[in-house]
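# Structural characterization, general
Each chain, letter by letter, is given below.
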Amino acid sequence: MVGRRTHADSKPIAQVAKDLGINEGALGSWVARDREAHGAGDGRVSESEHAELLRLREENAELAMERDVLKRSVVLWVKEATT
């Protein structure tokens, strides 16, 4: 997204607008909307990002548990097959 590009490049909006050949005011409003939607870049995460982070942490914990169960199952299967 263009708004993200101005954040990542650390260039002034006017310069990015000129580089892209678009109106500075339009780009400024897009960047403002992006900042509202995704946080102002002050290190905080938005509510949707926080909710997604919690969901992904739960999913990660569940997947780790499933992986550990599968590892134990394979170990038991190998022991049974070799005895």
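Right above here is the structure, for reference.
Quick look at the structure, then. Owing to the predicted nature of the structure, the values given are computational and were not obtained by experimental measurement.

## Considerations on a nonpolar patch on the surface
On the surface, a nonpolar cluster with roughly 320 Å² of combined accessible area is contributed by Val74, Trp77 and Val78. In this fold, valine 74 is placed in helix 4 (residues 47-82). Its relative accessible area of 49% is what places valine 74 among the partly exposed residues.

## Re the environment of valine 31
With respect to the helices and strands, valine 31 occurs in helix 3 (residues 24-38). Overall, the relative accessible area of 1% leaves valine 31 in the buried class. Expressed as a C-alpha distance, the spacing of valine 31 and isoleucine 13, which sit 18 residues apart in the sequence, is 8.4 Å.

## Considering the pattern of salt bridges
Under the counting rule described, the total for this entry stands at 3 salt bridges. Of the charged contacts, one joins arginine 55 and glutamate 59 as a salt bridge, the two residues approaching to 3.1 Å between their closest N and O atoms. Highlighted residues: arginine 55 and glutamate 59, both in helix 4, separated by 4 residues, approximately one helical turn. For arginine 55, a relative accessible area of 44% gives the class partly exposed. Measuring nitrogen to oxygen at the nearest pair gives 3.1 Å for the salt bridge that ties aspartate 68 to arginine 67.

Basis of the calculations
- Residues numbered from 1 in each chain as written.
- Predicted model: local features only at pLDDT ≥ 70, side-chain atom pairs only at ≥ 80, totals over all residues.
- Heavy atoms only, no water.
- Patch = residues over 30% accessible without salt bridge, like charges linked within 9 Å, V, L, I, M, F, W, Y side chains within 5 Å.
- Areas by Shrake-Rupley, 256 points an atom, 1.4 Å probe, with all protein chains shown as cover.
- Salt bridge = Lys/Arg side-chain N within 4 Å of Asp/Glu carboxyl O.
- Helix = DSSP H or I, 4+ residues; strand = E, 2+ residues; numbered from the N terminus.
- Buried < 20%, exposed > 50% of the residue type's maximum accessible area, 1.4 Å probe, protein only.

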